[in-house]
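Spelled out from the first residue to the last, the chains are:
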Amino acid sequence: MTPRPYRARARAEATEQTRLRIIAAAAAVLRAKGAGGFSLESVAKEAGVTRLTVYNQFGSRRALLEAVFDDRAAHGGLHRLAEAMTDPEPLAAMRRLVEIFCGFWSFDRGSLASLHAATSGDAEFEAGLQSRNERRRKAISVLVGRLASQGAIDPDRAKDLTDLLFVLTSFQTYAEIAADRTPEAACALIQTSVLKIIARG
C-alpha cells in the first residue's frame, strides 16, 4: 500500500494551515499598521514565513486583502444572512439584516476600517470590495420588494428606499455612529432609523 494519499492529504492540510496563518497575520498587520503599512513583506514577517510563501498562496496584495475581508465576513457572521432572508415577514427580516451587519461591522473593526481605507489606493480592490457591498444592496432590494408587494411602501419609492437603507447599513455609517456608543446602542439606533424610514411608506 502506497503512503502517497496520506502524504498528499497531510501536505494539503499543512498548506491550508499556512494559508490561515497568513490571513490571521494580515488582519493583525491591518489592525496595527493600517493599509499604509500593509504589504506582502510585512504580512510574511508577522506570519513567520517568507514573502515567496505569501506570494505563492495569494499572488498579490489585492488578493490577500480580499482573502482577509472574506475571512472577516465568515467569522463575523454574514453566513446568517441566508437564514434571515428566508423569514416570511420582510420587516422581521430587515431587522435581522441590520443586526447581522452591525455584528459584522463591530467584529474586528480595526481590520475592517483598514480594508475600507485600502480601497483608496487600489482600484481593483475597490472594485472587489464594492461587488461584495452590492450583495448587501441586493438583499435590501429583495426585502424592499417584498414590502412593496404587501402594500407596506409605495412601489415608486422602492429604489430610493433601497439606496437609503444601503447607506444606513454601511460600514462607514456604523463606524460614525459607534464612535461614541456601544455596539448594541449603535445597532439599536440604526435599526430604529431603518424601521422609521420604512414606516413612512
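Our structure's up above, just so we're on the same page.
Because the structure is a prediction, the values reported are computed rather than measured.

### A word on the nonpolar core
Nonpolar side chains in soluble globular proteins tend to be buried together. One finds L64 and L165 to be the most contacted residues of the largest nonpolar core, which totals 61 residues. Broken down by element, this core gets its largest block of residues, nine residues, from helix 6 (residues 90-106).

### Things to note about the layout of surface pockets
As a volume, the largest pocket reaches approximately 210 Å³. Forming the walls of the largest pocket are 13 residues, and the residues nearest its centre are F69, L78, F101, R132 and R135. Among the secondary structure elements, those contributing two or more residues to the lining of the largest pocket are helix 4 (61-75), helix 6 and helix 8 (123-149). With five residues, helix 8 is the largest single contributor of residues to the lining of the largest pocket. Taken together, the residues of the lining of the largest pocket break down into eight nonpolar, one polar and four charged. Reported here for the second largest pocket is a volume of approximately 170 Å³. Considering the residues around the second largest pocket, the lining is formed by H116, T119, E126, L129, Q130, N133, R136, F166, V167, S170 and Q172. Sorting the residues of the lining of the second largest pocket by element identifies helix 8 and helix 9 (158-168) as the ones contributing at least two each.

### Describing the environment of G145
Along the polypeptide, G145 turns up in helix 8. Considered as a pair, G145 and A74 are 71 residues apart in the sequence and their alpha carbons are 27 Å apart.

### Notes on the pattern of salt bridges
Summed over the entire model, instances satisfying the criterion amount to twelve salt bridges. With its nearest N and O atoms 2.8 Å apart, the salt bridge here joins D108 to R31. Placement of the pair is D108 in the loop between helix 6 and helix 7 (109-118) and R31 in helix 1 (residues 4-33), with a sequence separation of 77 residues. For D108, a relative accessible area of 14% corresponds to the buried category. Taking the relative accessible area as the measure of exposure, R31 reaches 45% and is therefore partly exposed. In this structure, the salt-bridge partner of E66 is R132, at a minimum N-O distance of 3.8 Å. Of this pair, E66 sits in helix 4 while R132 is found in helix 8, placing the two residues 66 residues apart along the sequence. You can call R132 buried: its relative accessible area is 15%. Shared partners join several salt bridges into a network, and the residues in it are R31, D71, R72 and D108.

### A short note on the side chain of R132
Within the structure, the side chain of R132 is placed 2.8 Å from the side chain of D70, a separation counted as a polar contact. With sequence-adjacent residues up to four places away left out, R132 is seen in contact with E66, F69 and D70.

### Digging into the packing of helix 2 (residues 40-47) against helix 3 (residues 51-58)
It is at 8 Å that the axes of helix 2 and helix 3 come closest, and there the two elements cross at 110°. Viewed along their axes, helix 2 and helix 3 adopt a mutual orientation that is roughly perpendicular. Along its contact with helix 2, which presents L40, E41 and A44, the element helix 3 presents R51, V54 and Y55. For the contact of helix 2 with helix 3, the residue count by class is four nonpolar, no polar and two charged.

### Quick look at helix 8
End to end, helix 8 covers 38 Å across 27 residues, agreeing with the expected 39 Å (1.5 Å per residue, within 8%). Buried positions along helix 8 lie against helix 4, helix 5 (81-85), helix 6, helix 7, helix 9 and helix 11 (183-199). Looking at the residues trailing helix 8, positive phi occurs at G151, about 80°.

The rules behind these values
Residues numbered from 1 in each chain as written. Predicted model: local features only at pLDDT ≥ 70, side-chain atom pairs only at ≥ 80, totals over all residues. Heavy atoms only, no water. Core = buried A, V, L, I, M, F, W, Y, C linked by side-chain atoms within 4.5 Å. Buried < 20%, exposed > 50% of the residue type's maximum accessible area, 1.4 Å probe, protein only. Helix = DSSP H or I, 4+ residues; strand = E, 2+ residues; numbered from the N terminus. 1 Å grid on protein atoms, 1.4 Å probe; cavity = no way out; pocket = protein on both sides within 12 Å on 5 of 7 lines; lining within 4 Å. Points joined across faces, edges and corners; volume = space filled by probe spheres on them. Nonpolar A, V, L, I, M, F, W, Y, C, P; charged D, E, K, R; others polar. Salt bridge = Lys/Arg side-chain N within 4 Å of Asp/Glu carboxyl O. Polar contact = N/O pair within 3.5 Å; in protein donor to acceptor, adjacent residues only side chain to side chain. Contact = heavy atoms within 4.5 Å. Axes fitted to C-alpha atoms, helices over the stretch in contact; angles between N-to-C directions. Parallel < 35°, antiparallel > 145°, perpendicular 65-115°, else oblique. Expected span 1.5 Å × (residues − 1).

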